[in-house]
Amino acid sequence: MKFILTITMCSILDNTCMPAFTFPTIYEGLYDCQMDGYNKAVTKIDEIGIETVNKYGIYSTFYCKPVDLI
């Protein structure tokens, strides 16, 4: 089974989320998708920075969705 990764950035203060972003990469397995999801989420939080994350209560979520390729 193959997977695609979608990440969403949200604010706990506003209880809102930005539109989800789906990456174009097709992952061969769930493990690879999840590992990349964690890495991309950490990278994005680091890019946003400690001040903005703390000020707006930014957090990330991600999921790996199974895809059928024909």
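In this report, the structure presented in the accompanying data block is examined.

Cut-off values and rules
Residues numbered from 1 in each chain as written. Predicted model: local features only at pLDDT ≥ 70, side-chain atom pairs only at ≥ 80, totals over all residues. Heavy atoms only, no water. Phe/Tyr/Trp six-rings, centres within 6.5 Å; stacked < 30°, edge-to-face > 60°. Helix = DSSP H or I, 4+ residues; strand = E, 2+ residues; numbered from the N terminus. Buried < 20%, exposed > 50% of the residue type's maximum accessible area, 1.4 Å probe, protein only. Lys NZ or Arg CZ within 6 Å of the ring centre and 35° of its normal. Core = buried A, V, L, I, M, F, W, Y, C linked by side-chain atoms within 4.5 Å. Contact = heavy atoms within 4.5 Å.

### Some remarks on the packing of aromatic side chains
- Taken as a whole and judged by the stated rule, the model has two aromatic pairs.
- Each ring, one from Tyr38 and one from Phe62, has its centre 4.8 Å from the other, and the planes form 85 degrees; the classification is edge-to-face. Separated by 24 residues along the polypeptide, Tyr38 in helix H1 (residues 30-48) and Phe62 in strand E4 (residues 58-67) bring together distant segments of the chain.
- Given the relative accessible area of 22%, Phe62 is considered partly exposed.
- Positioned over the ring face of Phe23 is Lys40, at 4.9 Å from the centre of the ring.

### Things to note about the nonpolar core
- Counting residues in each nonpolar core, the largest one holds eight residues, listed as Phe3, Leu5, Ile7, Met9, Phe23, Tyr27, Cys33 and Cys64.
- For this core, the element with the highest residue contribution is strand E1 (residues 2-11), accounting for four residues.
- Apart from residues no more than four positions distant in its own chain, Phe23 is found in contact with Leu5, Ile7 and Lys40.

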